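Observations on chain architecture
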Amino acid sequence: MRKNPIQSKSINHSVSPGKASEKTPDLKGTITLTLKKKTIQSVYNQVMMCSELGFPNFQKGEPINKLMMEIKREVKKESKQNKMGWKGSDTRSVYFEDMKVSKDCLLGTPSKGFKQFLQTLTGGRITIGALSLGTAQGAYERAVRYSFEREAFSKPINKFQGISFKLSDMALKIQASKHLVYHAAWKKDNNMDVIKEAAMAKLISSESAMSICTEAIQVLGGYGYIHEYDVERFFRDAKILEIGEGTSEIQRIIIAREILKSCLLYTSDAADEEDRVD
């Protein structure tokens, strides 16, 4: 069995496909990539993923391949982006200079890269839902803890409706999000159609996380704006959850499309049933 040349390396995730200007297989079974248009990647150690896309003669509908490759000297990396949140994610622009990639680096079935990316997006939405739950839970727990510690007029601030209602709404949104995320994950584990459920889970959990982190800062007041109390970091980290793997607006488009599709199928089945009765 031929050894995978990158089997022992750690895998890192890209956040958008690369656009190559040329692809020329040589006699040694390699592909030469030259990236003219820069793209944002998440690069940590030695391995990255991208796709072949955007050759001069590229036409809509043509096959796209997905590649996993070692980061060599031909891969040029710019300075790390200074993002609002997710500081642990090493995000920067990358491009290639006549980089030769072995055909062994092709992932999955050749020419099926676009379909693989779409499948990854659907599963990734459930992952974003889980990330949103963790972020929301962290902000909620710190808000609850602080509401016991902080006193006003000789009693904890959670005794006041203004604070207790916030905590109630936060707990409600976390529980609702949890049910949708777990349901979507269960359907995916059982190889069921999960496009609508994944979009629903991602949408409600990410928007809930943003709302909960905002309210957690309100509960902590001025302390919520200070690095020491964590909730300001959760707030900054939560915003990308409404953007990554498809924005909230995209999720609503997907949900509406899937709902209408199922309604059309139901209407068609009902019409067929009436015809049979007649």
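Look up: the structure comes first, before these words.
Residues numbered from 1 in each chain as written. Predicted model: local features only at pLDDT ≥ 70, side-chain atom pairs only at ≥ 80, totals over all residues. Heavy atoms only, no water.

1. Structural notes on the nonpolar core
Core analysis: the biggest nonpolar cluster contains 29 residues, and Ala-143 and Val-219 have the highest contact counts within it. Considering every element that reaches this core, the biggest residue donor is helix α3 (residues 195-220), with 10 residues. Other than its neighbours up to four places away in sequence, Val-219 contacts Ala-143, Tyr-146, Ile-157, Ile-163 and Lys-166. (Core = buried A, V, L, I, M, F, W, Y, C linked by side-chain atoms within 4.5 Å. Buried < 20%, exposed > 50% of the residue type's maximum accessible area, 1.4 Å probe, protein only. Helix = DSSP H or I, 4+ residues; strand = E, 2+ residues; numbered from the N terminus. Contact = heavy atoms within 4.5 Å.)

2. A look at unusual backbone geometry
Located in the positive-phi region is Phe-153, a residue other than glycine, with phi close to 55 degrees. Looking at where Phe-153 falls in the secondary structure, it is placed in the loop between β9 (151-152) and β10 (155-156). In this structure Phe-153 comes out as exposed when scored by relative accessible area, which is 77%. Positive phi, close to 55 degrees, is recorded for Asn-191, a residue that is not glycine. Mapping Asn-191 onto the fold places it in the loop between α2 (161-189) and α3.

3. Some thoughts on the side chain of Gln-251
Assignment of secondary structure puts Gln-251 in helix α5 (residues 248-277). Residues contacting Gln-251, with those up to four places away along its chain left out, are Arg-125, Ala-199, Lys-202, Leu-203, Glu-245 and Gly-246.

4. Let's talk about the packing of aromatic side chains
By the definition in use, this model includes four aromatic pairs. Seen in terms of ring centroids, Tyr-146 and Tyr-229 are 6.5 Å apart; in terms of plane orientation they differ by 90 degrees. Their pairing is edge-to-face. Placement of Tyr-146 in helix α1 (residues 113-149) and of Tyr-229 in the loop between α3 and α4 (231-239) is noted, with a sequence separation of 83 residues between them. In this structure Tyr-146 comes out as buried when scored by relative accessible area, which is 8%. Residue class for Tyr-229 comes out partly exposed when judged on its relative accessible area of 28%. Consider the rings of Tyr-223 and Tyr-229, whose centres lie 4.9 Å apart with planes at 35 degrees: the pair is tilted. (Phe/Tyr/Trp six-rings, centres within 6.5 Å; stacked < 30°, edge-to-face > 60°.)

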